[in-house]
There are 2 protein chains.
Amino acid sequence: MKQDKKETALVAGGAGFIGSHLCRALLRQGFDVICLDNLLTARRSNLLALEAERGFSFVRGDVVDPLPAVITERGADITRIYNLACAASPPLYQADPEHTMLTNVVGTDRLLRLAERAGARFLLSSTSEVYGDPERHPQSEEYRGSVSCTGPRACYDEGKRAAEAMTFDFARSGRAEVRVARIFNTYGPHMNPDDGRVVSNLVCQALLGLPVTIYGDGSQTRSFCYVEDMVKALMLLMESDIAGDEPVNLGNPEERTIAELLDAIRAQVDREIEVEHRPLPVDDPTRRRPDIGRARALLGWAPETGLAEGLARTVDWFARELARNAPGVTKEEDAPRAAIAV
Amino acid sequence: MKQDKKETALVAGGAGFIGSHLCRALLRQGFDVICLDNLLTARRSNLLALEAERGFSFVRGDVVDPLPAVITERGADITRIYNLACAASPPLYQADPEHTMLTNVVGTDRLLRLAERAGARFLLSSTSEVYGDPERHPQSEEYRGSVSCTGPRACYDEGKRAAEAMTFDFARSGRAEVRVARIFNTYGPHMNPDDGRVVSNLVCQALLGLPVTIYGDGSQTRSFCYVEDMVKALMLLMESDIAGDEPVNLGNPEERTIAELLDAIRAQVDREIEVEHRPLPVDDPTRRRPDIGRARALLGWAPETGLAEGLARTVDWFARELARNAPGVTKEEDAPRAAIAV
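Residues numbered from 1 in each chain as written. Chains lettered and ligands numbered in written order. Predicted model: local features only at pLDDT ≥ 70, side-chain atom pairs only at ≥ 80, totals over all residues. Heavy atoms only, no water.

With an unreviewed UniProt entry as reference, chain A is termed UDP-glucuronate decarboxylase, source organism Stakelama pacifica. Recorded under Cofactor (unreviewed entry), the UniProt text for chain A is reproduced unchanged: "NAD(+)". (UniProt positions renumbered as here; feature names shortened; annotations may be inferred.)

Here it is in structure tokens:
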């Protein structure tokens, strides 16, 4: 994966949780990186460490709108396009479902057309949500899923399914070389503290000395992949020579109960944790666990970061983040900067 | 359903097979009708009988593009918007899969926004294809389907699912009053002779004295709804006071074997029919049959036209159509006319 000559990667959604880690890893690998983000749900502060680096540029823009000239004019300089643009947390993507759908469909179309013109390779970050509320465990890529196309999650789930459809159509007709990653639960630094995920919720409550909320008895299971493992997989998939005519599940197949997760957090947080049990919501997502056989076979990839290690880094980051956001602390890095407005 | 004052209905895809029948029925019911169509797969000749009528206007345009001013300026005159815009036959919708997807997603979004601004009620013509290759028979609206979101049919199937998602999101957020019809196999006059459906194939082959093609032994079943029954259902659904928060299957639940269909055609065609058997294609669509319990309960609707009667009208129309298109016959009605170009 060493770069012979300087190539440019465009990361749409590059200020988001996974996107910002991906931008950093691409810079480390020798790419120039253009980060395109509308900053609607991502946070500029995720880019703090990157903005001073040579080869990194940030463009504020929305993939629903025509792509900014500063990007389209780069033409064949751009050899890799990663599409991570879309709010991923239910309360955030449901706040404007029309925009969520258009982000996935129109945004993916615009980036695919750019890939076609530039001769760049395109990677779509799809999601385990394409399996909906699955009736099979673990989920392999052949499983067609059980998705409601009429409910409040459909703007995201069906938007991603539609984006996959478009992406494979571009590949089938020879318009672009593509890769499609179906990303399962991922955690780590740069998660939005307010997005309602179980890891960020429990870690933040624990760090703030609040009672942590456990729904049900905590015996329900989840699978968590550490963000650096995920980013490594995305880059391996992009650079691999697989045919690109099938999606690839990426995630951690190891199931953990919520009670185990809490124990792992407790081990990292230096204070007593009080637990508040609440009834399991009716629509609590059932178990979802990736079959990563294809990723292992095609990419030689599997998650390497253990839960204790990943949580230690996550808790450390959240502790600094919460301190930074404590009342009275100035947040210079979130102030407006010179950005290319679209 | 009598109109107290003159109202205007917009029919996107109004020059198509079902659309052209709908335009006529709406005129009969007292609506002024604007037919919007890009004529990519529809045929202008379907509108022959309508273009001379008062209250009918044709606008050539593509719902993927911004709506023509002649439509947006009509504002609150428009009280009903029927979205039937999309090629529906696999070879036609697969010819430009990107356009198929955008027609469903961007087109539906533009028409929903028009409905929101005009205060019009919006009906989406969805499809039985949202059930994919179903694992349950008959299909009821709760069934989530078994759709591949990566294959060559996905541009249409997932496009329609995405269009449903957007439509229900507009309803949920109070932006528009909506209805969603899931249309199953329909046949009748104005079908495109070249679109590869079993009814048009068999009827045209029989009328032309060619051997008719039967795949397999003809024991596979299909359900066929006559187009006038379908149009009646669409208008009943539009005008009904149902909550509009759920899709409604429309189609004929009566299953017929292909051999029965051929017998019914034979009864209408005054010549010997030679049968050519071919092996059943691997991807031959499996059985699909609607559960129309919801349509019966909400609309008091069920198909009324028997297969013999519907086929008689269909064969009669195809006979005239084939004569009209015979070599040496001038087709004035398909020549370009004054249309509002977009």
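A separate point is the packing of aromatic side chains. The final tally for this structure, using the stated rule, is twelve aromatic pairs over all chains. Ring geometry for tyrosine 187 of chain A versus phenylalanine 224 of chain A: centroids 6.3 Å apart, planes at 85°, classification edge-to-face. With tyrosine 187 of chain A in strand E7 (residues 186-187) and phenylalanine 224 of chain A in the loop between strand E9 (221-223) and strand E10 (225-226), this pair connects stretches of sequence that are 37 residues apart. The buried category is assigned to tyrosine 187 of chain A, whose relative accessible area is 1%. Where tyrosine 131 of chain B meets tyrosine 143 of chain B, the ring centres are 6.0 Å apart and the plane angle is 15°; that geometry is what we call stacked. Remark: tyrosine 143 of chain B occurs in the loop between strand E5 (121-127) and helix H5 (154-172) and tyrosine 131 of chain B occurs in the loop between E5 and H5; sequence separation between them is twelve residues. In this structure, tyrosine 131 of chain B and tyrosine 143 of chain B share a single accessibility class: buried. Each member of the aromatic cluster is reached from another via a ring pair, and the members are Tyr131, Tyr143 and Phe184 of chain A. (Phe/Tyr/Trp six-rings, centres within 6.5 Å; stacked < 30°, edge-to-face > 60°. Helix = DSSP H or I, 4+ residues; strand = E, 2+ residues; numbered from the N terminus. Buried < 20%, exposed > 50% of the residue type's maximum accessible area, 1.4 Å probe, protein only.)

All names here are of chain A. In the contact formed by helix H8 (residues 258-268) and helix H10 (residues 307-324), the axes pass within 9 Å of each other and the chain directions differ by 55°. Between H8 and H10, the interaxial angle falls into the category oblique. H10 is crossed by H8, and the crossing has right-handed handedness. The segment H8 lies against H10, with Leu261, Ala264, Ile265 and Gln268 engaging Leu307, Ala308, Leu311, Ala312 and Val315. Here the residues of the contact of H8 with H10 sort into eight nonpolar, one polar and no charged. (Axes fitted to C-alpha atoms, helices over the stretch in contact; angles between N-to-C directions. Parallel < 35°, antiparallel > 145°, perpendicular 65-115°, else oblique. Left-handed = near helix turned anticlockwise from the far one by under 90°. Contact = heavy atoms within 4.5 Å. Nonpolar A, V, L, I, M, F, W, Y, C, P; charged D, E, K, R; others polar.)

The partner chain A presents 33 residues to the 33 residues of chain B that form the contact. Overall, the association of chain B and chain A removes approximately 2700 Å² of surface from exposure, summing both partners, and the carbon and sulfur fraction of that is 55%. Sorting the residues of chain B by area buried against chain A places Glu98, Arg144 and Thr150 of chain B first, and these three jointly supply 23% of that buried surface. Linking chain B with chain A are six salt bridges, by the criterion used here. With a shortest N-O distance of 2.6 Å, glutamate 98 of chain A and arginine 113 of chain B are connected by a salt bridge. Seen at the junction of chain B and chain A, the total is 16 residue pairs in polar contact (both at pLDDT 80 or more). For the side of chain B that touches chain A, the element with the highest residue contribution is H5 of chain B, accounting for twelve residues. Residue composition of the side of chain B that touches chain A, grouped by class: 16 nonpolar, five polar and twelve charged. (Buried area = accessible area lost by both parts, 1.4 Å probe. Salt bridge = Lys/Arg side-chain N within 4 Å of Asp/Glu carboxyl O. Polar contact = N/O pair within 3.5 Å; in protein donor to acceptor, adjacent residues only side chain to side chain.)

Another aspect to go through is the environment of glutamate 116 of chain B. Residue and element names in this part refer to chain B. Assignment of secondary structure puts glutamate 116 in helix H4 (residues 97-118). The class of glutamate 116 is partly exposed, set by a relative accessible area of 32%. For the pair glutamate 116 and phenylalanine 170, spaced 54 residues apart in sequence, the C-alpha to C-alpha distance is 8.5 Å. Those residues in contact with glutamate 116, other than ones at most four positions away along the chain, are Phe170 and Arg175. Only 2.9 Å separates the side chain of glutamate 116 from the side chain of arginine 175, close enough to count as a polar contact.

One finds Leu10 and Ile81 of chain A together with Leu10 and Ile81 of chain B to be the most contacted residues of the largest nonpolar core, which totals 68 residues. Residues in contact with leucine 10 of chain B, not counting those within four places in the same chain, are Ile34, Leu36, Ile71, Ile78, Arg80, Ile81, Tyr82, Leu111 and Leu114 of chain B. (Core = buried A, V, L, I, M, F, W, Y, C linked by side-chain atoms within 4.5 Å.)

This brings us to the sheet that holds strand E11 (residues 248-250) of chain A. All names here are of chain A. With respect to topology, seven strands assemble into an open sheet ordered E3-E2-E1-E4-E5-E6-E11, the strand pairing being parallel. In the strand order of this sheet, the two ends are held by strand E3 (56-60) and E11, each with one partner. Averaged over all pairs of adjacent strands, the angle between strand axes in this sheet comes to 20°, irrespective of strand direction. The pairing of strand E4 (residues 78-83) with strand E5 (residues 121-127) spans four bridges and is classified as parallel. Bridged to asparagine 83 within E5 is leucine 124. Across the sheet, helix H1 (residues 17-28) is in contact with strand E1 (8-12), strand E2 (32-37), E3, E4 and strand E6 (177-183); its angle to E1 comes to roughly 175°. Across the face of the sheet, helix H5 (residues 154-172) comes into contact with E5 and E6 while running at roughly 155° to E5. (Pairing = 2+ DSSP bridges.)

Now for unusual backbone geometry. Residue and element names in this part refer to chain A. Cis geometry is adopted by the peptide bond preceding proline 138, which originates at histidine 137 and carries an omega value of -15°. A positive phi angle, close to 55°, is found at leucine 39, a residue other than glycine. Mapped onto the elements of the fold, leucine 39 is located in the loop between E2 and E3. Relative accessible area serves as the criterion here: at 17%, leucine 39 is assigned to the buried category.

Residues and elements named next belong to chain B. Taking strand neighbours across the sheet as the criterion, the seven strands line up as E3-E2-E1-E4-E5-E6-E11 in an open arrangement whose pairing is parallel. A strand with exactly one partner marks an edge of an open sheet, and here the two such strands are strand E3 (56-60) and strand E11 (247-250). Put simply, the sheet's adjacent strands are angled 20° from each other on average, direction ignored.

Let's shift gears to a negative patch on the surface. Together, Asp133 and Glu135 of chain A together with Asp133 and Glu135 of chain B line one region of the surface with negative charge. Its place among the elements puts glutamate 135 of chain B in the loop between E5 and H5. (Patch = residues over 30% accessible without salt bridge, like charges linked within 9 Å, V, L, I, M, F, W, Y side chains within 5 Å. Areas by Shrake-Rupley, 256 points an atom, 1.4 Å probe, with all protein chains shown as cover. Lys, Arg positive; Asp, Glu negative; His and termini not counted. Charge placed at Lys NZ, Arg CZ, Asp CG, Glu CD.)

Next up on the list: the pairing of E6 of chain A. Residues in a regular strand project their side chains so that they alternate between the two faces of the sheet. Residue and element names in this part refer to chain A. For E6, a buried count of six out of seven residues is recorded, marking the element as mostly surrounded by other parts of the structure. Where E5 and E6 come together, seven bridges link them in parallel fashion. Paired with phenylalanine 122 across the two strands is valine 178, which belongs to E6. Once the chain exits E5 it traverses H5 before rejoining the sheet at E6, and the crossover so formed is right-handed. Relative to E11, E6 runs parallel, the two being bridged by three bridges. From the neighbouring strand, arginine 182 faces E11, where its bridge partner is asparagine 249. (Right-handed = clockwise from strand over helix to strand, strands pointing away.)

Right, let's get into helix H1 (residues 17-28) of chain B. Residues and elements named next belong to chain B. In this model H1 runs 18 Å from its N-terminal to its C-terminal C-alpha over twelve residues, within 8% of the 16 Å that 1.5 Å per residue would give. Counting buried positions along H1 gives nine out of twelve residues, so the element sits mostly inside the fold. Within H1, burial applies to Phe17, Ile18, Gly19, Ser20, His21, Leu22, Cys23, Leu26 and Leu27. At the C-terminal side of H1, glycine 30 shows a positive phi close to 100°. (Expected span 1.5 Å × (residues − 1).)

This part is about the pattern of salt bridges. It is possible for side chains of opposite charge to pair when their charged atoms get near one another. Residues and elements named next belong to chain B. The tally for this structure, following the rule as stated, stands at 66 salt bridges over all chains. Here glutamate 239 makes a salt bridge to arginine 80, at a shortest N to O gap of 2.8 Å. Taken as a pair, glutamate 239 in helix H7 (residues 227-239) and arginine 80 in strand E4 (residues 78-83) lie far apart in primary sequence, 159 residues in all. Arginine 161 is the salt-bridge partner of glutamate 158, the closest N and O atoms lying 3.9 Å from each other.

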